[in-house]
Every structure is written in structure tokens, then in C-alpha cells.
There are 2 protein chains.
Amino acid sequence: MILEKKKMFNDFSASKGLRSTRQRDIILDIFLSTHQHVSVEELYLKIKSSNPGIGHATVYRTLKLFTEAGLAREILLHDGQTRYEHVVKGEHHDHLVCTGCNSIIEFEDETIEKLQEEVAARHGFLIKNHKMEIYGLCANCRR
Amino acid sequence: MILEKKKMFNDFSASKGLRSTRQRDIILDIFLSTHQHVSVEELYLKIKSSNPGIGHATVYRTLKLFTEAGLAREILLHDGQTRYEHVVKGEHHDHLVCTGCNSIIEFEDETIEKLQEEVAARHGFLIKNHKMEIYGLCANCRR
DNA sequence: CTTACAACTGAAATTGAATATCAAAAGCAT
DNA sequence: ATGCTTTTGATATTCAATTTCAGTTGTAAG
Ligand SMILES: [Mn+2]
Ligand SMILES: [Mn+2]
Ligand SMILES: [Zn+2]
Ligand SMILES: [Zn+2]
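So, here's what we can say about the structure. (Residues numbered from 1 in each chain as written. Chains lettered and ligands numbered in written order. Predicted model: local features only at pLDDT ≥ 70, side-chain atom pairs only at ≥ 80, totals over all residues. Heavy atoms only, no water.)

1. A short note on the coordination of the zinc ion (ligand 3)
Residues and elements named next belong to chain A. Only C98 (SG), C101 (SG), C138 (SG) and C141 (SG) from the protein reach the zinc ion (ligand 3) as donors, at distances of 2.2 to 2.4 Å. With four donor atoms in place around the zinc ion (ligand 3) and angles of 104 to 115 degrees between them, the coordination shape is tetrahedral. Site description for the zinc ion (ligand 3): donor spacing in sequence, C-x2-C-x36-C-x2-C. In this pair, C101 sits in the loop between strand 4 (94-98) and strand 5 (104-107) while C138 sits in the loop between strand 6 (126-137) and helix 6 (139-142), placing the two residues 37 residues apart along the sequence. (Donors = N, O, S within 2.8 Å, 3.2 Å for Na, K, Ca; no water. Tetrahedral: all angles 85-135°; square planar, octahedral: opposite > 155°, others 65-115°. Helix = DSSP H or I, 4+ residues; strand = E, 2+ residues; numbered from the N terminus.)

So, in C-alpha cells, the structure goes:
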């Protein structure tokens, strides 16, 4: 799982002529060890604690590379913090976002995905990706 | 249509004890005259050209009021610009966003909306609102 | 093992959207 | 008209994110 991701990034680096650096290895390790939907700042602080030398800019740059390489996905919620989640090959999910406690529930719905394809086809539109976020209150926050 | 919106905002203002000001009237007029999905900066520039006195902050503040009043909706795409679109009472739509030419196609799909309700119900989640954006290439940009 | 050079890094500066501040102006109930 | 409160807008500030650039590092060739 983790090795597979590292291989993915190695292959990506090779294909792009990128170099292998200590910083990228460390950032990938720590990213893979975080929970889903980690914010850049959260990740940066976690990295700092074991590797004080690594800079802000490098973390931002490297997360963009992970996204390009297909092992991370950018998430923009409504809190001004960009988050990244882990991409699992062949899987896709969307989000229920609780505005009460900020928790995020993931879900998959094959029928919705199919209908999206149909909508796109009806407009001659070629889908690259999509996002769907449902905002509201989770079971805990409702009562 | 436009009169109805103005009434909506008047009612909202009254209910909140807000005052009626020249600036809010102008901003509402010009907002209602813009295309869908106008960015704050676009709107601000349009306002400036006929009303040089009106400030940046007022435009931001007033758009938030429109959103609260239920006649505008905030849209965050991936270009770092907050956009606002017109809300038509009783209607809802989502977006196909072309990454080639930045055009936006609106669509409605009642079945998808129903399925979202079901997903939420399955998780005991109470929906307040949602957004769905499908990114890709429009018919023109495909070829 | 050098050397050469492009890629990479990180501290610091910069950008840019959005918000906060606060004195002056304007709305409104009396 | 008066008095009080809201609103405004120039300006400052915030904060995430990007850019800059001099120094460092990876790597391929000699
Ligand atoms: Mn997720
Ligand atoms: Mn729209
Ligand atoms: Zn919750
Ligand atoms: Zn297009």
C-alpha cells in the first residue's frame, strides 16, 4: 500500500525527469501517515517536528507534485485552508461535511456517478474529474 | 423578476433592522444586471465605472448580505476568485466547468438530488446545501 | 572520484483575496 | 432639527499561497 504509493511517485518522478531528494521522501512518508483531509499547515507542522529544516514552500510544492502524480487530491472546503486527501487507485468518493463539528463523512454512490456521466454526455462534455460536497449536520450534531 | 429580487432584499433588510442605503441599491442593481458567476472583482470594477465612490469593502459586505437574503450564492471554483451567482427561488442547479475556456454550463438533475437525500439519510445526516461541480472539456474545447 | 550543471531548497519577500479598523457620513425614529 | 446607531470607505492588516534567488544537492559524464 505505502510501498505502492512510493513506487507511483518514483515512476512519476522518473517520467518527468525529477530528482530524488531527502525532502520529498520525508514529505511523502509523513503525508502517507496522516489522516484523510489533512491541511497543508497541519502537515507542515507535523513535518517540522521531526525535520525542522524543511521549508514551507517545499511542502506546498511537493503536495502539488503528489497531486500531479495521482496520489493526492486537493480539497477546497469553505474554511480558507486547502486540504489534501489520499487517492486510492480505482476508488472514488465524495463528502458529507458537517458544519457543526467539521467532521467529514466519505461516501460512494455508483448511481450518482453514472448519472453525472449521462448529464455530461447530454452536453457533449468530457469529464476529467468532479467533486460533490454535501453540507449540513451529522447525526451527532443534529440533536 | 428584478423587482421581486429588490423586494426580497427589502424584506430581508426590514426583518434584520438593516438600513436602506444608496450603495446597497446600486450594488444590487448592478449585480442583477451581470451575467451568472460574476467574480467580486469584476462586479467591483463594473460598479466603480459608474460609481467611483463605492469601496471595495462595501461590495464584499453587501454580497454577503445578498447571500444571507437568499438572492445570491457563493461559488468557489479553483481559481482563487469567489464568484456569486443569482439564486432563482425554487430552483437549483449544478455546474459543468470547462477547464479549457472557463465557461460554465448549468444543469439540473432531479434524480441526482434525490439520491443525495438518500445518501444523507443513510448516514443520519441533515442536508443544508450542497455543491456539485464537474470539471472537464466542453463540446467546443474537445476538438 | 572529480567536475559540471541543472534541479532543488528554504528564508525571505511578495502577492492577492478577504477582513478588520475607525473616523466621518448617512439613515431614521422621535 | 436632534440624537443615536448603522453604514461607509480609505487604509491597515491578515493569511494562505507563490515567487525570488543565492546557496545546496543530485546526477550523469569524464
Ligand atoms: Mn475524502
Ligand atoms: Mn450557476
Ligand atoms: Zn457534526
Ligand atoms: Zn470550453
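2. Comments concerning the side chain of K131 of chain B
Residue placement: K131 of chain B occurs in strand 6 (residues 126-137). In terms of polar contacts, K131 of chain B uses its side chain to reach the side chain of H78 of chain A, at 3.2 Å. (Polar contact = N/O pair within 3.5 Å; in protein donor to acceptor, adjacent residues only side chain to side chain.)

3. Here's the deal with the sheet that holds strand 2 (residues 72-76) of chain B
Residue and element names in this part refer to chain B. The three strands are arranged 1-3-2 in an open sheet whose pairing can be described as antiparallel. Every interior strand has two partners, whereas the edge strands, strand 1 (38-39) and strand 2, have only one. As judged from the five bridges shared by strand 2 and strand 3 (residues 82-86), these two strands associate in the antiparallel manner. Following the sheet pairing, R73 is matched in strand 3 by E85. (Pairing = 2+ DSSP bridges.)

4. Re the packing of helix 2 (residues 22-33) of chain B against helix 4 (residues 56-69) of chain B
To describe two helices that pack against each other, one gives the angle between their axes and the distance between the axes. Residues and elements named next belong to chain B. Where helix 2 meets helix 4, the closest approach of the two axes is 10 Å, and the angle between their N-to-C directions is 70 degrees. When the interaxial angle is binned, helix 2 and helix 4 end up roughly perpendicular. Residue-level inspection shows Q23, R24, I27, L28 and F31 of helix 2 in contact with helix 4, the latter providing T58, V59, T62, L63, L65 and F66. In terms of residue class, the contact of helix 2 with helix 4 is made up of seven nonpolar, three polar and one charged. (Axes fitted to C-alpha atoms, helices over the stretch in contact; angles between N-to-C directions. Parallel < 35°, antiparallel > 145°, perpendicular 65-115°, else oblique. Contact = heavy atoms within 4.5 Å. Nonpolar A, V, L, I, M, F, W, Y, C, P; charged D, E, K, R; others polar.)

5. Re empty space enclosed by the protein
Residue and element names in this part refer to chain B. Applying the stated rule across the entire model yields one cavity of 30 Å³ or more. The volume enclosed by the largest cavity comes to roughly 50 Å³. Around the largest cavity sit F9, N10, S13, R19, S20, T21, R24 and D25, which together line it. Looking at which element gives the most residues to the lining of the largest cavity, the answer is helix 1 (residues 2-16), with three residues. Across the lining of the largest cavity, the residue classes tally to one nonpolar, four polar and three charged. (1 Å grid on protein atoms, 1.4 Å probe; cavity = no way out; pocket = protein on both sides within 12 Å on 5 of 7 lines; lining within 4 Å. Points joined across faces, edges and corners; volume = space filled by probe spheres on them.)

6. Side note on the coordination of the zinc ion (ligand 4)
Six octahedral donors around a metal ideally sit at 90 or 180 degrees from one another, while four tetrahedral donors ideally sit at 109.5 degrees. All names here are of chain B. Within the protein, the atoms that donate to the zinc ion (ligand 4) are C98 (SG), C101 (SG), C138 (SG) and C141 (SG), at distances of 2.2 to 2.4 Å. For the zinc ion (ligand 4), the four donor atoms in the first shell make angles of 103 to 115 degrees at the metal, so the coordination geometry reads as tetrahedral. Of note, the zinc ion (ligand 4) draws all its donor residues from one chain, in the sequence arrangement C-x2-C-x36-C-x2-C. The exposure class of C138 is buried, given its relative accessible area of 6%. (Buried < 20%, exposed > 50% of the residue type's maximum accessible area, 1.4 Å probe, protein only.)

7. Description of the pattern of salt bridges
Any two side chains of opposite charge can pair if their charged atoms end up close together. Inspection of the entire model under this criterion finds 15 salt bridges over all chains. With a shortest N-O distance of 2.8 Å, R73 of chain A and E85 of chain A are connected by a salt bridge. Taken together, the residues span a long stretch of sequence, with R73 of chain A in strand 2 (residues 72-76) and E85 of chain A in strand 3 (residues 82-86) at a distance of 12 residues. Between R83 of chain A and D79 of chain A there is a salt bridge, with its nearest N and O atoms 3.4 Å apart. We classify R83 of chain A as buried; its relative accessible area is 15%. One continuous salt-bridge network, built from bridges that share partners, spans E42, D79 and R83 of chain B. (Salt bridge = Lys/Arg side-chain N within 4 Å of Asp/Glu carboxyl O.)

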